[in-house]
Every structure is written in structure tokens, then in C-alpha cells.
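A closer look at the structure
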Protein chains: 2
Amino acid sequence: MSDLAGFEFVDLPDSWFDDREARFEPLAVQLRAVNDLVIRSEVDDAAAAAALAHLQAAADLLAGDAPQAPGAAAGVRFNASGRASNWGNAAVGRRNAVAPPLVTEHGEDGVVRARLTLGAAYEGPPGHVHGGVSALLLDHLMGETASQFRRFTATGTLTLRYVGPLPLGEVELSGRIVAEEGRKIRVHATISGGRGVAVEADGLFIVPRGEPAVPGEVR
Amino acid sequence: MSDLAGFEFVDLPDSWFDDREARFEPLAVQLRAVNDLVIRSEVDDAAAAAALAHLQAAADLLAGDAPQAPGAAAGVRFNASGRASNWGNAAVGRRNAVAPPLVTEHGEDGVVRARLTLGAAYEGPPGHVHGGVSALLLDHLMGETASQFRRFTATGTLTLRYVGPLPLGEVELSGRIVAEEGRKIRVHATISGGRGVAVEADGLFIVPRGEPAVPGEVR
């Protein structure tokens, strides 16, 4: 497996993955709620300082035996049944408050869809989703569309046309393969919201030479 | 001012902005540290549960008089001297743990640069920055390059060419205007890291008709 792929095969049961998701996902869910408040709260200095002390206490508890230095990579481990610890992924990571997270559905027709709600943490123009957040979510969904979880793909080029506004709130993504030739896969996708289609995207994805199929997400 | 722009002029002194940044930015800094731990921590159920209780206590303190429902827009207020409360912006928001945050420098030559460190929360392929995160940061920096903080611009199209790997760690962005004609502004930018240029980007930005110049960031 190439250096870029960097996936680590581990001989661990599915329960190892289940246990960690059950233990840590609620923390990410709560962190997203705290972050939403940090952005808009109007409490006074004393309340903010008390909240900060709680965050520091949480960090101390979690650092107990942190496996790596702050900011280090989390990596992705996977087992024989295809379970993968892509918990830190910036788009879909269930243990990462930066990720909304995106949850994709792979249809039998090959279409990949996602529906999610984006609040203040994903704002750009007032009241609207940041154009770069649309790009992040589209890049990820289109990568999954190209890989279909059965091969490694890397983004070659991505072209985004911003055709309308995307208000904060519920948004929907949809992607499908429009052409495939050798190691090149072309994907078309959109992100839409309360005022219709906001961004149209076309991507060229490449299956690197000598790259074995890997399970899990590879964006 | 158009509905899309949505900036709200407020008659507030700079100290109103300073006070809130001083009070809430440390919370976002600490949230980023907690999030990094939530992704990689290996502590047991009891420690994770205790950390969760601290996060819930922090949320209760911050919700004291939250101005809006969870997930609502934060909006952007600005005053006569150009200070803007774009604290929730997904790329540059100083009160938003989703944002790294990106801090841009506008050179006298018109070139906009940024240097930042990206850790586990921005990971895609193991050990590497998520391609969609590069897209998010480039979109934002290119928008600032087009607007130069002196006019409103909206992203028209964005083309990203992924030319090399971008390891987690220190990354650098640079953007410049390459052509300008009427309401169309063309911008070229790159993001680079430990293994050189990773993404080359070309963007077409539009100054909407009838849009007045607004201060602050408008992505």
C-alpha cells in the first residue's frame, strides 16, 4: 500500500470500533453544540471564564493517555470486515466536531446522496453556507462516488460553478459517475438548499497505478 | 444592500468588538484542542463520560442568554470604522472551532498570503490534509484576493487541480489577481506544504450589479 494511501490493517474485532464510537461520538456531538454557542453567546466574562475552565477540565481528562502529540495525524485503521476508523475525517468524521458530519447513502443506482443541516459554524455570507464548505462537502461526496468504497481514488481536478445562494439550514447533495475510462472517472454532483441548486460540480478522479482496492473512505 | 450580502451596520464602538473577541476567542482556541483530543483519545468510558459532563456544563453556561436557536445564523455586523463580527465564518472565524482559523495577510503588491498549521481535525487521506479542506481555504483566500476588502464579490467558478500530496502540518496559501475586466475578476492561487505545491486554483469572481462596497469579509 502506498505512502499516500497510508491505511493500516489491524486484526481487531468490529466491537473494538463499536466501543470507541459509542464512547467518543457523544463528545463530538456535544462539542458541535458548544461551538455553536461560542460563536453566538452573549454571556458575561464570568460565565465565559467558567465555561473555559470546564473545557480545560475536559481536555485534561481526555489527554490521559493521548497516543500522539497535539495536531498529529489520526490515521485510518481498518479490519478484515471493512470497518474503518476514519473518525477524524474533516467531512465525515464522527469523532471530529469540524465535520458536520456528512453521512452519505450509496444508492443501488450508483448515485450517492446526503442530506444534512448546516448552522452558524458553516456560515460565510451572512445567513448562507460558506462557498468553501460547499466545496469541501462536494469534494468528499464526489470522491466517494468515484471510489464506491471499492477502489482507491484521488481527486485530479474539481470544477465548481456557483449558480445560486445556499441559505443555512437543510442542504442536499447528490453525485453520480458520468464517464469512466481506464483509470479516469468523471463525476457530476450538486449541492442544493432552500433556494434550489447552489453549486454544480464536475470532477475528474484518478485510480493511481498499482493502488490496491481499500475499504473505507479515502478522501 | 442586497439580501445575499446581509451585513448589518451597527453604531457600536471598536471596544464592543474587542471585548467580545477577548471573551470568546479563548473558548474557540480551547475547543480546537478538545476536538483534537476527542478524535484520538484512548481514555476509558469513565473518563470520557466525565469529559462529556464538563462539555455539557460549558454549554449550559454559554447558553445563558443565547440570542438565537441552535444552528441559527450568526450574521455579520460591522461598524463605521470597518470592524466586523465575522467570528463564525467557517474559514476565518475566531470564535468558530470549525475554522483553523485562516489568518490572511494582504501585501502591498495585492498578493494575499496565509500560513497555518493543520492537524488531525483537517485530515482526509491518512496523514494528509483533506482535499476539500484545501478547497475551503483556497475559496476563502481567493475571495479575499478578489474583494481586497473594498468591494463585494461572489464566487462564480472555481477550478482546482490537485497536483501533489499535502501532508498535515504547516501549509501556505498565496493568491493574486491575474485579470480584471468590468465586474469579472480572475484569481490564481496555490496551497503548498511539506512536499511542495499541492493544489493550483483558478477562480472567477463577480461583483454583483448594484452591490455597494462593504467592509469585512464576504465569502
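Residues numbered from 1 in each chain as written. Chains lettered and ligands numbered in written order. Predicted model: local features only at pLDDT ≥ 70, side-chain atom pairs only at ≥ 80, totals over all residues. Heavy atoms only, no water.

Once that is clear, we can look at the overall build of chain A. A tally of helices and strands in chain A yields three helices and eight strands. When the elements of chain A are put in sequence order from the N terminus, they spell out β-α-α-β-β-β-α-β-β-β-β. For a compact globule of 219 residues, the expected C-alpha radius of gyration is about 17 Å, and chain A comes in at 19 Å, within 12% of that figure. The dimensions of chain A, computed from C-alpha atoms along their principal axes, are 60 × 50 × 25 Å. Per-residue burial over chain A gives 55% buried out of 219 residues. Considering only residue pairs separated by 6 or more positions, chain A has 68% of its internal contacts joining residues 24 or more positions apart. Of the roughly 8,500 Å² of accessible surface on chain A, a fraction of 50% belongs to carbon and sulfur atoms. Each charge class in chain A can be summarised by its mean position, and for the 20 positive and 28 negative side chains these summaries are 7 Å apart. (Helix = DSSP H or I, 4+ residues; strand = E, 2+ residues; numbered from the N terminus. Rg over C-alpha atoms; globule rule 2.2 N^0.38 Å. Buried < 20%, exposed > 50% of the residue type's maximum accessible area, 1.4 Å probe, protein only. Contact = heavy atoms within 4.5 Å. Areas by Shrake-Rupley, 256 points an atom, 1.4 Å probe, with all protein chains shown as cover. Lys, Arg positive; Asp, Glu negative; His and termini not counted. Charge placed at Lys NZ, Arg CZ, Asp CG, Glu CD.)

Pairing of strand β5 (residues 154–162) of chain A with strand β8 (residues 196–206) of chain A, which is carried by eight bridges, proceeds in the antiparallel orientation. Pairing of A154(A) across the sheet is with I206(A), part of β8(A). Bridging between β5(A) and strand β5 (residues 154–162) of chain B involves five bridges; their strand directions are antiparallel. Its bridge partner being in β5(B), T157(A) is matched across the sheet by R161(B). (Pairing = 2+ DSSP bridges.)

Moving on, we get to the relation of the copies chain A and chain B. When chain A is fitted to chain B, the best match, at an RMSD of 0.0 Å, comes from turning it 180 degrees and sliding it 0.0 Å along the axis. Such values leave the two copies arranged in the relation of a two-fold axis. (Least-squares fit on C-alpha atoms with pLDDT ≥ 70 in both.)

Right, let's talk about the packing of aromatic side chains for a bit. Between two aromatic rings, the relevant description is the distance of the centres plus the angle of the planes. Residue and element names in this part refer to chain A. Scanning the model with the defined rule gives eight aromatic pairs over all chains in all. Between the aromatic rings of W16 and F17, the centroid separation amounts to 5.0 Å while the plane-to-plane angle is 80 degrees, which identifies the pairing as edge-to-face. Here W16 matches F17 in class, with each residue buried. Every member of this aromatic cluster is reached through a ring pair, and the members are W16, F17 and W87. (Phe/Tyr/Trp six-rings, centres within 6.5 Å; stacked < 30°, edge-to-face > 60°.)

Right, let's talk about helix α1 (residues 14–40) of chain B for a bit. The end-to-end C-alpha distance of α1(B), which contains 27 residues, comes to 39 Å, matching closely the 39 Å that a straight helix rising 1.5 Å per residue would cover. At F24(B), α1(B) shows its maximal kink, close to 30 degrees; a proline, P26(B), follows between one and four residues later. (Expected span 1.5 Å × (residues − 1). Bend = angle between axes of the 7 residues up to and from the residue.)

We now examine helix α2 (residues 45–62) of chain A. The end-to-end C-alpha distance of α2(A) is 26 Å, a good match for the 26 Å that 18 residues give at a rise of 1.5 Å each. Next to the buried residues of α2(A) lie α1 (14–40) of chain A together with α1 and α2 (45–62) of chain B.

With that settled, the discussion passes to the interface of chain A and chain B. Many authors give the size of an interface as the accessible area that is lost as the parts come together. Contacts between the two partners involve 92 residues from chain A and, on the opposite side, 92 residues from chain B. Interface area for chain A against chain B, summed over the two sides, is near 7,900 Å², with a carbon-plus-sulfur share of 63%. Summed over the shared surface of chain A and chain B, the number is four salt bridges. Here R20(A) ties to E42(B) by a salt bridge, and the two come within 3.2 Å at their closest N and O atoms. Across the chain A-chain B interface, the total number found is 35 residue pairs in polar contact (both at pLDDT 80 or more). Here the element with the most residues in the side of chain A that touches chain B is α1(A); it accounts for 16 residues. Class assignment for the residues of the side of chain A that touches chain B results in 52 nonpolar, 25 polar and 15 charged. (Buried area = accessible area lost by both parts, 1.4 Å probe. Salt bridge = Lys/Arg side-chain N within 4 Å of Asp/Glu carboxyl O. Polar contact = N/O pair within 3.5 Å; in protein donor to acceptor, adjacent residues only side chain to side chain. Nonpolar A, V, L, I, M, F, W, Y, C, P; charged D, E, K, R; others polar.)

Quick look at the packing of α1(A) against α2(B) now. Direction vectors running N to C along α1(A) and α2(B) enclose 15 degrees, while the axes themselves pass 9 Å from each other. The orientation of α1(A) relative to α2(B) falls into the category roughly parallel. For the pair α1(A) and α2(B), the sense of crossing is left-handed. The segment α1(A) lies against α2(B), with R23(A), F24(A), P26(A), L27(A), Q30(A), L31(A), V34(A), L37(A) and V38(A) engaging D45(B), A48(B), A51(B), L52(B), L55(B), Q56(B), A59(B) and L62(B). Among the residues forming the contact of α1(A) with α2(B), the class breakdown is 13 nonpolar, two polar and two charged. (Axes fitted to C-alpha atoms, helices over the stretch in contact; angles between N-to-C directions. Parallel < 35°, antiparallel > 145°, perpendicular 65-115°, else oblique. Left-handed = near helix turned anticlockwise from the far one by under 90°.)

Next up on the list: the nonpolar core. In this structure, L138(A), L160(A), L173(A), L138(B), L160(B) and L173(B) are the most contacted members of the largest nonpolar core, which totals 76 residues. Contact partners of L138(A), with chain neighbours within four places excluded, come to L160(A), L173(A), A189(A), T190(A), I191(A), V199(A) and A201(A). Core analysis: the next-biggest nonpolar cluster, separate from the first, contains 34 residues, V38(A), A58(B), A59(B) and L62(B) among them. (Core = buried A, V, L, I, M, F, W, Y, C linked by side-chain atoms within 4.5 Å.)

Within the secondary structure, R151(B) is located in the loop between α3 (131–147) and β5. Reaching out from R151(B), the side chain makes a polar contact with the backbone oxygen of A146(B) at a distance of 2.8 Å.

Attention now goes to unusual backbone geometry. Cis geometry marks the peptide bond from P100(A) to P101(A), where omega comes out at -10 degrees. With respect to the helices and strands, the residue P101(A) is situated in the loop between β2 (76–78) and β3 (104–106). In this structure, F149(A) is a non-glycine residue whose phi angle is positive, near 55 degrees. The backbone of Q148(B) sits at a positive phi, close to 50 degrees, despite the residue not being glycine. Looking at the secondary structure, you find Q148(B) in the loop between α3 and β5. The partly exposed category is assigned to Q148(B), whose relative accessible area is 21%.

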